[in-house]
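Residue strings, one per chain:
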Amino acid sequence: GESTIFLGLTLSFKLYLYRYIQKTFKMAKGKIGAILVRLVSSAGTGYTYVKKRNPRKLTQKLAFMKYDPKVDKHVPFFEQKMK
């Protein structure tokens, strides 16, 4: 049966309450295990990006072609651990 708290309430108001409770009292779950990694430019300029990576799902090191404004072109960026 339905809880006595919700008796007599319209369905739309029940949904509103449910969403409000979900937003207000968030459970500790979700991005567990994701680590921050630094992507360092291979051009040697010291320019970096920061990305999240889940080591359980993605076991290889990250490598991207990204823009390095110090040399004004796209160069490979490779993963390094955050210090």
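Our structure is the block above this text.
So, here's what we can say about the structure. Starting afresh in each chain, residues are numbered from 1 along the sequence in its written order. For a predicted model such as this one, the threshold for reporting local features is a pLDDT of at least 70, and the threshold for listing and counting side-chain atom pairs is 80 or more; totals across whole chains, interfaces and linings nevertheless cover every residue. Excluded from the side-chain calculations are hydrogens and water; all other atoms, namely the structure's heavy atoms, are used.

1. Things to note about the overall build of the protein chain
Next, step 1: Helix and strand assignments follow DSSP, with helices taken as H or I runs no shorter than four residues and strands as E runs no shorter than two, numbered in order from the N terminus. Along the protein chain, the regular secondary structure elements total 1 helix and 4 strands.
Next, step 2: Ordering the α and β elements of the protein chain from the N terminus gives α-β-β-β-β.
Next, step 3: For the protein chain, the proportion of its 83 residues judged to be buried stands at 12%.
Next, step 4: For the protein chain, the share of sequence-separated contacts (at least 6 apart) that also reach a separation of at least 24 residues comes to 35%. Relative accessibility under 20% of the residue-type maximum defines a buried residue, over 50% an exposed one, and the middle range a partly exposed one, all with a 1.4 Å probe and only protein chains included. By the convention used here, residues are in contact when the closest approach between their heavy atoms is within 4.5 Å.

2. Here we look at the pattern of salt bridges
Next, step 1: Whenever a carboxyl oxygen of Asp or Glu lies within 4 Å of a side-chain nitrogen of Lys or Arg, that contact is scored as a salt bridge. Considering all chains together, one arrives at 1 salt bridge under this definition.
Next, step 2: For E79, the salt bridge identified is with R53, shortest N-O distance 3.1 Å. Of this pair, E79 sits in strand β4 (residues 73–81) while R53 sits in strand β2 (residues 48–53); the two residues are 26 residues apart in sequence, bridging distant segments of the chain. R53 shares its class with E79; the two are buried.

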